Amino acid sequence: MQNFSVCLVHEILNKIHTDKNTFEESWLLVKANDMIDATHKALNFGMRKEDTFANTYGEIIEWKFTGIRHIGDVEIDDECSVICSFTSPKSELPLIKIRAAAASTFR
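All of these numbers come straight from a predicted model, not from anything done at the bench.

Right, let's get into the overall build of the protein chain. Tallying secondary structure elements over the protein chain gives two helices and five strands in all. Classification of the 107 residues of the protein chain by burial places 27% in the buried group. For the protein chain, the share of sequence-separated contacts (at least 6 apart) that also reach a separation of at least 24 residues comes to 68%. Entry remark: accessible area of the protein chain is about 7,400 Å², with carbon and sulfur atoms responsible for 52%.

See the structure below:
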């Protein structure tokens, strides 16, 4: 088994105040046989975290899985390991986007 760092992106939609829509990035450490297995596990995890609920103000909030921003293998030694390092805060990283037809194959 190998270790992979994964960054998932969820869009947080406010159904009443659409100007409050935002995104959240979640970083995971995934144990998998290879990159394909890690991608499947990450996609599964991201889709399971989708949710719709009413917040404390009664507003309908939807957490919608957008995709994977980063996935890479990680070697963990006995002390510390850098999971991810970005050289430019403005870098545009591609998302592995979810399509409705393809999403059902990972559930």
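Now, onward.
Of all hydrophobic cores here, the largest spans 12 residues; its members are Phe4, Val6, Leu8, Leu28, Val30, Ala32, Ala38, Ala42, Leu43, Met47, Phe65 and Ile68. Looking at this core, the elements with two or more residues in it are strand E1 (2-14), strand E2 (22-32), helix H1 (35-48) and strand E4 (60-74). Here the element with the most residues in this core is H1; it accounts for four residues. Filtering out sequence-adjacent residues up to four positions away, Phe4 remains in contact with Leu28, Leu29, Val30, Ala32, Asp34, Met35, Ala38, Gly72, Asp73 and Val74.

Here we come to the pairing of E1. For E1, the buried fraction is high: 11 of the 13 residues fall into the buried class. Across 11 bridges, the pairing between E1 and E2 is antiparallel. Considered in E2, the bridge of Gln2 is made with Ala32. Bridge analysis of E1 against E4 gives 12 bridges, and the strand direction is antiparallel. When the bridges of E4 are listed, Leu13 appears paired with Glu62.

This part covers the side chain of Thr39. Tracing the backbone through its elements, the reader meets Thr39 in helix H1. What makes Thr39 buried here is its relative accessible area of 16%. The residues contacting Thr39, other than those within four sequence positions of it, are Ile68 and Ile71.

Mean pLDDT for the protein chain: 79, with 72% of residues reaching 70 or above. The least confident element of the protein chain, judged by mean pLDDT, is helix H2 (residues 100-103) at 42; the most confident is H1 at 95. Across residues 86-91, where pLDDT falls below 50, the model places three contacts with residues more than four positions away in sequence or in other chains. Below pLDDT 50 for its whole length, residues 99-107 participates in nine contacts with residues either more than four positions away or in separate chains.

Structurally, Val9 is set in strand E1. For Val9, a relative accessible area of 2% puts it in the buried group.

With that settled, consider the environment of Lys20. Residue position: Lys20 is located in the loop between E1 and E2. Exposure remark for Lys20: the relative accessible area of 48% places this residue in the partly exposed category. Residue contacts for Lys20: discarding those within four places in its chain leaves Ile12, Asn14 and Glu59.

Calculation rules
- Note that residues are indexed from 1 along each chain, following the sequence as it is written.
- In view of the model being predicted, local features appear only for residues whose pLDDT reaches at least 70, and side-chain atom pairs are presented and counted only at 80 or more, with totals across whole chains, interfaces and linings using the full set of residues.
- The basis for every side-chain value is the complete set of non-hydrogen atoms in the structure, without hydrogens or water.
- Comment: elements are numbered from the N terminus, with helices defined as DSSP H or I runs of at least four residues and strands as E runs of at least two.
- Burial classes follow relative accessibility: with a 1.4 Å probe on protein chains only, a residue under 20% of its type's maximum area counts as buried, one over 50% as exposed, and anything between as partly exposed.
- We call two residues contacting when some pair of their heavy atoms lies within 4.5 Å.
- Method for areas: the Shrake-Rupley scheme with a 1.4 Å probe, in which residue coverage is limited to the protein chains shown.
- We define the nonpolar core as a collection of buried residues of types Ala, Val, Leu, Ile, Met, Phe, Trp, Tyr and Cys that are connected through side-chain atoms lying within 4.5 Å of one another.
- In this description, strands pair whenever DSSP reports at least two bridges between them.
- Values of pLDDT, which run from 0 to 100, indicate the predictor's confidence residue by residue.

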